[in-house]
Amino acid sequence: MENIYIITGHYGSGKTNICVNMALNLSTLESAKVAVIDLDTVNPYFRTADFKKLFEDSGIQLISSVYANSNLDTPAITFGVESVIKDVDYLLIDVGGDDTGAYALGQFSEMLSNYSDVLKMLYVVNAYRYMTKTPNEAISLMKEIETASRLKHTGIINNSNLGDETTIQVVEKSKPFAEEISKLSGLPIYTTTYPIGSKGLVDSTNHYFVKRYVKNVWED
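Now for a quick tour of the structure. What you see is a predicted model, and the numbers here were worked out from it, not measured in a lab.

### Things to note about the overall build of the protein
A count of helices and strands for the protein gives seven helices and eight strands. For the protein, the proportion of its 220 residues judged to be buried stands at 50%. Considering only contacts within the protein whose residues lie at least 6 apart along the sequence, 74% involve residues at least 24 apart.

### Details of the packing of helix H6 (residues 135-149) against helix H7 (residues 168-185)
Their axes nearest at 9 Å, the elements H6 and H7 cross at an angle of 50 degrees. With respect to H7, the axis of H6 lies oblique. The way H6 lies across H7 gives a crossing that is right-handed. From H6, Pro-135, Asn-136, Ala-138, Ile-139 and Met-142 reach across to H7, where they touch Phe-177, Glu-180, Ile-181, Leu-184 and Ser-185. Classifying every residue of the contact of H6 with H7 by side-chain character gives seven nonpolar, two polar and one charged.

### Some details on H6
Along its 15 residues, H6 runs 21 Å from first to last C-alpha, staying within 8% of the 21 Å computed at 1.5 Å per residue. Of the residues making up H6, those classed as buried are Pro-135, Ala-138, Ile-139, Leu-141, Met-142, Ile-145, Glu-146, Ala-148 and Ser-149.

### Describing H7
Here H7 spans 26 Å end to end across 18 residues, near enough to the 26 Å set by a 1.5 Å rise per residue. Lys-175 marks where H7 bends most, by close to 35 degrees; the proline Pro-176 follows one to four residues later. Turning to H7, its buried residues number three or more, namely Ile-168, Val-170, Val-171, Ser-174, Lys-175, Phe-177, Ala-178, Ile-181 and Ser-182. Where H7 is buried, its residues contact strand E5 (119-125), H6, strand E6 (155-158) and strand E7 (189-195). Taken from the residues just after H7, Gly-186 is the one with a positive phi, measuring 80 degrees.

### Comments concerning the side chain of Asn-126
Its place among the elements puts Asn-126 in the loop between E5 and H6. For Asn-126, a relative accessible area of 3% corresponds to the buried category. Not counting the four nearest positions on each side in its chain, Asn-126 is found in contact with Gly-12, Ser-13, Thr-132, Asn-159, Ser-160, Asn-161 and Phe-177.

### Describing the sheet that holds E6
As summarised here, the arrangement of the eight strands in space is E3-E2-E4-E1-E5-E6-E7-E8, forming an open sheet in which the pairing is parallel. Among the strands making up the open sheet, the edge pair consists of strand E3 (61-64) and strand E8 (207-210). Averaged over all pairs of adjacent strands, the angle between their axes in this sheet comes to 25 degrees, without regard to strand direction. Judged from the four bridges that link them, strand E2 (residues 34-39) and E3 form a sheet pairing that is parallel. Looking at E3, one finds that Ile-37 is bridged to Ile-63. Helix-sheet contacts for helix H1 (residues 15-27) involve strand E1 (4-9), E2, strand E4 (90-95), E5, E6, E7 and E8, and the interaxial angle to E4 is about 170 degrees. Along the sheet face, H7 touches E5, E6 and E7 and points at about 165 degrees away from the line of E7.

Rules and cut-offs
- Residues numbered from 1 in each chain as written.
- Predicted model: local features only at pLDDT ≥ 70, side-chain atom pairs only at ≥ 80, totals over all residues.
- Heavy atoms only, no water.
- Helix = DSSP H or I, 4+ residues; strand = E, 2+ residues; numbered from the N terminus.
- Buried < 20%, exposed > 50% of the residue type's maximum accessible area, 1.4 Å probe, protein only.
- Contact = heavy atoms within 4.5 Å.
- Axes fitted to C-alpha atoms, helices over the stretch in contact; angles between N-to-C directions.
- Parallel < 35°, antiparallel > 145°, perpendicular 65-115°, else oblique.
- Left-handed = near helix turned anticlockwise from the far one by under 90°.
- Nonpolar A, V, L, I, M, F, W, Y, C, P; charged D, E, K, R; others polar.
- Expected span 1.5 Å × (residues − 1).
- Bend = angle between axes of the 7 residues up to and from the residue.
- Pairing = 2+ DSSP bridges.

Here it is, written out as structure tokens:
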């Protein structure tokens, strides 16, 4: 298991929800110190900063922009990322949903490159998002994020879902989409997510169960 995870993807792909799930799961490991850096400055309605209380209750350190959840939201991070890395066992970085959001990550690219042996940069895809409905569209966005961040992805997370309507069949139907992205990009599929509690999976080896923490603003 790597120590640093950078989670990217188009807004609506579910990357923040994955980041929340991963942080909570890692925090259950014995004596594990976990930190989350929120660099998602693109869409203020889906933010790891919204989960401050949940993280505090699980002993997770949350670092976000001083303007998080305000109408002055900017990628203003005033801390040393390397000092955070050295102080925790696991670091997760939630990156904005397009190349604009990735520029915030780019300011740390040179330093993060020094940790390439323990770093995973994972691109989250959702076959049911209207902006990335084809593999080529998804790869185009992925390359924009890489150019802006000056970092390369190492794997793909297939997080294809329809919110609360997600079933095993919905996920299974999306696999050819993710596999084509993997083929065209040369990147492995790191994992495929399923709603927590799913049973009877076709592939019981490469999956990750997630709870839906991030919801639309009109949902409870």
